[in-house]
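Notes for the structure review
Each chain is listed here by its residues.
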Amino acid sequence: MNNINKKKIEYVIGIDLGHGETSAAICPMQWDTDVKMLEPTKDLEMGGNKKVLPSAITILNDGKAYIGDAAFNPEILKQAKVRVCFKQAPKNINGEAEQLMVRFMHEVYVRIRENNSGMLTDTNHLVYIATPSGWDYNTQQLYVEMARQAGLPIGGVTKESRAAFVRAQHDVTSGLGRNIHKGAIVFDMGSSTLDFTYMNNEIKGLIDHGYDCGASFVEKSIYKEQEETDKYIQLFEKKYPDLVDYLVFEARKVKEQVYFDPTLRVKKSINFDDFIEDEELEDERFKLTFKPGELNEHLLSNGYLQQIEEAMLDYKNNHIAGQKIYGVFMTGGASRMDFLRPMICKCWGVTEEQIYRDQDPSLTISQGVAEVARMDLRTDGMDVGLKESINNIKQSGAIYESFTMNFGGALYERITENIASRITEWAESSQNYNLNVLQSMISSAVQKSINYESSNITQYIEQAIDESTADVRQKVEDIVSHYSNQGVNIQLPTLNINNINVSGINLNGIMDEISNSIAVESSNWSSTIAGAAVGGAVAMILGGPLMWIIGGGALLGKYIFGKEESEAEKKRKAMTKNLSSDERAQVYATLSEKWDEMTDNIAASIRESLDGNRNIKFSINQAVNGMLDNYEQSLKNARILID
C-alpha cells in the first residue's frame with residue numbers, strides 16, 4: 001500500500017479462501033460518491049454460474065492446474081491426485097502445503113480476472129483476503145506474502161470474525177447490528193474448525209477461540225462408516241489412496257443436500273468405472289442414502305453433536321464468563337446444519353429471534369472482507385493526528401475558557417442590565433426610598449440574574465464543547481459514516497443531567513458516572529457563584545459610590561451628619577434616611593458617573609468567581625474527557641477494532 005496511489009484504485013475484491021469452499025465479492029470504490037450512495041457489494045461468479053467454488057485443486061504432471069468442480073472431472077482424476085482441505089496456518093512459505101495454497105490462490109485469482117476481464121485491469125484493483133480469527137499477526141503476514149507470491153495485488157488481510165461482524169452490522173434486516181456493541185458472538189462453523197468470536201463495548205479487543213470440530217468431520221465420518229462395512233471401498237482405498245478425497249468430497253455434497261432441506265430423503269451413487277479403469281471395481285459403486293433425521297442420529301451416536309455442545313459451553317464458561325449474549329451471527333456454509341440453532345439456544349440462553357444467518361452463509365465472509373476493505377481504504381489517513389487533537393483539547397483547558405467566556409458574558413449582560421433597571425426604578429419611584437432599599441434591590445437583581453443563567457448552565461457547557469471540538473467531531477463523523485449501511489450521524493452527547501445519550505450510540509457506563517458527578521456538583525454551582533458574585537459585585541458596585549456619597553461628596557452629607565458622629569453612625573444614617581426625588585436624582589447621577597467603574601468591577605467579580613471555581617471546572621473537564629473518550633471508542637466500535 002505504501003507505493004500505491006489509492007485514488008487510482010477503482011475496485012476492491014474480498015476473497016474467502018476457505019478450507020472447504022471459496023468465494024469472492026467486489027466493491028467499487030466510488031471515491032467521489034457520498035458514503036450513503038455507495039453501490040452494494042457484488043458476489044463474483046466463480047464458474048458455472050456458481051458463486052461458491054469448492055476448495056479443491058488437481059495439478060497435472062505438465063503443471064496445468066484445475067480447481068473447484070473441474071478438479072473432480074473423471075478424466076482429470078485419472079491423471080493426478082485431487083487435493084481438498086489443504087488450508088492451514090502457514091509456517092514456512094516454501095512448505096508443501098503452503099506452496100499448494102499459493103498455487104490455489106493464483107488459480108482463483110486467474111479465474112476472477114478471466115470472468116471479469118472487461119472490468120478489471122492490472123492496476124485498477126486491490127485484493128483483500130480473510131484469515132481465521134485465531135491466526136496471530138505473524139501468521140497473517142506470512143499468508144499475505146503467500147498471496148503476493150501467487151500474483152495477487154494484495155491490499156491487506158481481515159480476520160473472518162471482523163468481516164462477519166461488519167456484514168451483520170450492515171444488514172439492517174438482521175437486527176443484530178444494534179446488539180453487537182452490547183454483546184454478540186460470531187459462530188463460524190468452518191470445514192476445519194469451529195470458531196467463536198465475542199465482542200461488546202466493555203471489553204478490550206475481540207475474544208477469539210477455536211475448536212477442532214469443524215464440519216469436515218461429518219463427511220469424513222460418512223465416508224468412514226461406508227468404508228468400514230464395504231469391502232469394495234476398502235479395496236478402492238488400498239489401490240487408489242490418492243483418490244479417497246474424491247469420495248470424501250462426494251460425501252460432503254450429500255451432507256449439503258441433507259441440510260439444504262432436512263425433510264427430504266437423499267440418495268447418491270457413484271460408479272467406480274466412471275473415473276477409474278479397474279476390472280475388480282468396474283461393477284461396484286459408492287452409495288449413500290439418508291432418510292430425514294438419519295444423519296443427525298449418526299452424528300449423535302458418534303459423539304460429534306456432544307463435541308460441538310461441549311465447545312459452546314467451554315467458550316461461554318471459560319472464555320467469556322459473565323458476559324451477556326444479545327445476538328449470535330452464524331456464518332460458514334456448514335451453519336445450515338439444522339441441529340445448530342436449537343443447540344445455540346440451549347447452551348447460550350438466547351432465542352431463535354436472536355440468531356441471524358445470511359441467506360447464503362457461504363458468501364458472508366467474502367462480502368464482509370470486501371466491505372471492510374472499501375471502508376478502510378476510503379478512510380485511510382483520515383484519523384491522522386486525531387488522537388493528538390483529542391489529547392490537546394483535554395489538556396489545554398480551552399473548553400473551560402470558552403465556557404467562562406460564554407457563561408460569564410451572558411451573566412455580565414444580565415446583571416448589568418438588571419442593576420441599571422433597578423437603579424432607575426429606585427430613582428424614579430414615587431416613594432422616598434432609602435439607600436438600604438437600593439442596595440437590597442441591586443442584591444436581588446444580581447441574585448436573580450445568577451439563578452437564571454445558572455439554570456441554563458449546561459447549554460453554555462454544550463456551546464463551549466461544540467465550539468472547541470468541532471474539528472475532532474467532524475473527523476470522527478466522516479470516518480464513522482463509512483462503517484454504517486446508511487451512515488452514522490454522531491452528535492456530541494447532550495449535557496442533560498438526567499439523561500446523557502447520543503443518537504444510535506449507547507453511552508451507559510462512564511457517561512452515567514459523569515452525569516451523576518455533574519448532578520451532584522451542579523446543585524451547588526448557583527450558590528457557589530452567588531456567594532462570590534453577589535457579595536463581591538454589590539460591594540464593588542455600591543462600595544465606592546456610597547462611601548463617596550456618605551463622606552460628603554454629595555449634598556446628603558451637608559444635611560444629615562453631625563460633627564461628632566462616628567463613621568458607622570454616619571453610614572447608618574445615610575443608608576436609612578428616606579430620600580426625596582431630588583436626593584435620589586443626585587444618587588442616580590453619582591452612580592451614572594461611576595457606571596463604567598462599576599461595570600468593570602462586575603466583570604472582574606464574575607471572572608474571579610468562575611476562574612477560581614474548582615467544582616465547576618472539575619465537573620466540566622470530567623464530562624469533556626468522558627465525551628472525547630467516548631468519541632474514540634465510537635470510532636473503534638464502528639471499525640470493529642481494526643486489525
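Residues numbered from 1 in each chain as written. Predicted model: local features only at pLDDT ≥ 70, side-chain atom pairs only at ≥ 80, totals over all residues. Heavy atoms only, no water.

Let us now look at the overall build of the protein chain. What the protein chain contains, in helices and strands, is 23 helices and 16 strands. Of the contacts formed within the protein chain by residues at least 6 apart in sequence, a portion of 71% connects residues at least 24 apart. Element-wise, carbon and sulfur atoms account for 45% of the exposed surface of the protein chain, whose accessible area totals about 29,800 Å². (Helix = DSSP H or I, 4+ residues; strand = E, 2+ residues; numbered from the N terminus. Contact = heavy atoms within 4.5 Å. Areas by Shrake-Rupley, 256 points an atom, 1.4 Å probe, with all protein chains shown as cover.)

The next subject is the state of the cysteines. Under the counting rule described, the total for this entry stands at zero disulfides. Of all cysteine sulfurs in the structure, the one in Cys345 sits closest to Cys347, which takes part in no disulfide; the separation is 9.7 Å. Overall, Cys347 belongs to the buried group, its relative accessible area being 3%. (Disulfide = S-S within 2.5 Å. Buried < 20%, exposed > 50% of the residue type's maximum accessible area, 1.4 Å probe, protein only.)

Right, let's talk about the packing of helix α10 (residues 304-318) against helix α11 (residues 340-348) for a bit. Here α10 crosses α11 at 35 degrees, and the two axes come no closer than 10 Å. Handedness of the α10/α11 crossing: right-handed. Two secondary-structure elements touch here, α10 through Leu305, Ile308, Glu309, Met312, Leu313, Tyr315 and Lys316 and α11 through Leu340, Met343, Ile344, Lys346, Cys347 and Trp348. Across the contact of α10 with α11, the residue classes tally to 10 nonpolar, no polar and three charged. (Axes fitted to C-alpha atoms, helices over the stretch in contact; angles between N-to-C directions. Left-handed = near helix turned anticlockwise from the far one by under 90°. Nonpolar A, V, L, I, M, F, W, Y, C, P; charged D, E, K, R; others polar.)

Our next topic: the pattern of salt bridges. It is possible for side chains bearing opposite charge to pair when their charged atoms get close. Per the counting criterion, the structure on display carries 22 salt bridges. For Glu277, the salt bridge goes to Lys78, with nearest N and O atoms at 4.0 Å. One end of the pair, Glu277, is in the loop between β13 (266-271) and β14 (285-290); the other, Lys78, is in the loop between α1 (74-77) and β7 (82-84), with 199 residues separating them in the sequence. Here Lys78 falls in the partly exposed class, since its relative accessible area comes to 37%. (Salt bridge = Lys/Arg side-chain N within 4 Å of Asp/Glu carboxyl O.)

Spanning 16 residues, helix α12 (residues 364-379) covers 23 Å between terminal C-alpha atoms, matching the ideal 22 Å at 1.5 Å per step. Counted residue by residue, α12 has 15 buried out of 16 residues, so it is predominantly covered. Of the residues trailing α12, Gly381 is marked for its positive phi of about 90 degrees. (Expected span 1.5 Å × (residues − 1).)

Moving on, we get to the packing of helix α8 (residues 244-260) against helix α9 (residues 294-301). Between α8 and α9, the shortest axis-to-axis distance is 10 Å and the interhelical angle comes to 115 degrees. Contact residues: Lys255, Val258 and Tyr259 in α8; Leu295, Asn296 and Leu299 in α9. Its residues assigned to classes, the contact of α8 with α9 shows four nonpolar, one polar and one charged.

Okay, unusual backbone geometry next. Located in the positive-phi region is Asn49, a residue other than glycine, with phi close to 60 degrees. Tracing the chain through its elements places Asn49 in the loop between β3 (42-43) and β4 (52-54). Its identity is not glycine, yet Cys85 carries a phi of approximately 50 degrees, on the positive side. Here Cys85 is to be found in the loop between β7 and α2 (96-115).

What follows is about the nonpolar core. Core analysis: the biggest nonpolar cluster contains 64 residues, and Phe187, Met189, Phe196, Phe275, Ile308, Phe339 and Trp348 have the highest contact counts within it. Ranked by the residues each element gives to this core, the list is headed by α8, at nine residues. The residues contacting Ile308, other than those within four sequence positions of it, are Met189, Leu194, Cys213, Phe339, Leu340 and Met343. (Core = buried A, V, L, I, M, F, W, Y, C linked by side-chain atoms within 4.5 Å.)

To continue, consider the sheet that holds strand β5 (residues 56-59). Strand pairing in a sheet relies on backbone hydrogen bonds, with the paired strands running either antiparallel or parallel. Strand order in this open sheet of three strands is β6-β5-β7, and the pairing throughout is antiparallel. Strands at the two margins of the open sheet, each flanked by one partner only, are β6 (65-67) and β7. The sheet shows a mean angle of 20 degrees between the axes of neighbouring strands, taken without regard to direction. In the sheet, β5 pairs with β7 via three bridges, with the strands oriented antiparallel. Bridge assignment links Thr58 to a residue of β7, and that residue is Val82. (Pairing = 2+ DSSP bridges.)

Moving on to a positive patch on the surface. A surface patch of positive charge is lined by Arg265, Lys267, Arg285, Lys287 and Lys291. Considering the arrangement of structural elements, one finds Lys291 in the loop between β14 and α9. (Patch = residues over 30% accessible without salt bridge, like charges linked within 9 Å, V, L, I, M, F, W, Y side chains within 5 Å. Lys, Arg positive; Asp, Glu negative; His and termini not counted. Charge placed at Lys NZ, Arg CZ, Asp CG, Glu CD.)

Under the definition given, this model contains 22 aromatic pairs. Taken together, the ring pairs in this structure connect Phe72, Phe236, Tyr240, Tyr246, Phe249, Phe272 and Phe275 into an aromatic cluster. Sitting over the ring of Tyr326, Lys182 keeps its end group 4.5 Å from the ring centre. (Phe/Tyr/Trp six-rings, centres within 6.5 Å; stacked < 30°, edge-to-face > 60°. Lys NZ or Arg CZ within 6 Å of the ring centre and 35° of its normal.)

Right, let's talk about a negative patch on the surface for a bit. Together, Asp273, Asp274, Glu279, Glu282 and Asp283 line one region of the surface with negative charge. Here Asp283 shows up in the loop between β13 and β14. Taking the relative accessible area as the measure of exposure, Asp283 reaches 64% and is therefore exposed.

Within the open sheet, the five strands sit side by side as β12-β11-β10-β15-β16. Their pairing is mixed. Two strands in the sheet have a free side with no partner beyond their single neighbour: β12 (207-211) and β16 (355-357). Recorded for the sheet is a direction-independent mean angle of 20 degrees between the axes of neighbouring strands. Packing of α10 onto the sheet brings it into contact with β10 (184-189), β11 (194-199) and β12, and relative to β11 it is tilted by some 25 degrees.

A word on the pairing of strand β1 (residues 11-17). With seven of seven residues buried, β1 is to be regarded as a mostly interior element. Of the pairings in the sheet, the one linking β1 to strand β2 (residues 21-28) comprises seven bridges and is antiparallel in character. For Ile13, the partnering residue across the bridge sits in β2 and is Ile26. The turn linking β1 back onto β2 is made up of three residues.

The topology assignment puts Asp188 in strand β10. Of the side chains with opposite charge, Lys87 lies nearest to the buried Asp188, which makes no salt bridge, at 8.3 Å. Here Asp188 is in contact with Glu160, Thr193, Leu194, Asp195, Thr331 and Gly332, once residues within four sequence places are set aside.

On to the confidence of the model for the protein chain. Model confidence for the protein chain is summarised by a mean pLDDT of 80, while 81% of its residues fall at 70 or above. α10 holds the highest mean pLDDT among the elements of the protein chain, 96, whereas helix α17 (residues 510-522) holds the lowest, 32. Under a pLDDT of 50 for its full length, residues 485-537 has, in the predicted model, 105 contacts with residues more than four places off or in other chains. Taken together, the stretch residues 552-561 has pLDDT below 50 and engages in 17 contacts with residues farther than four places along the chain or on a different chain. (pLDDT = per-residue confidence, 0-100.)

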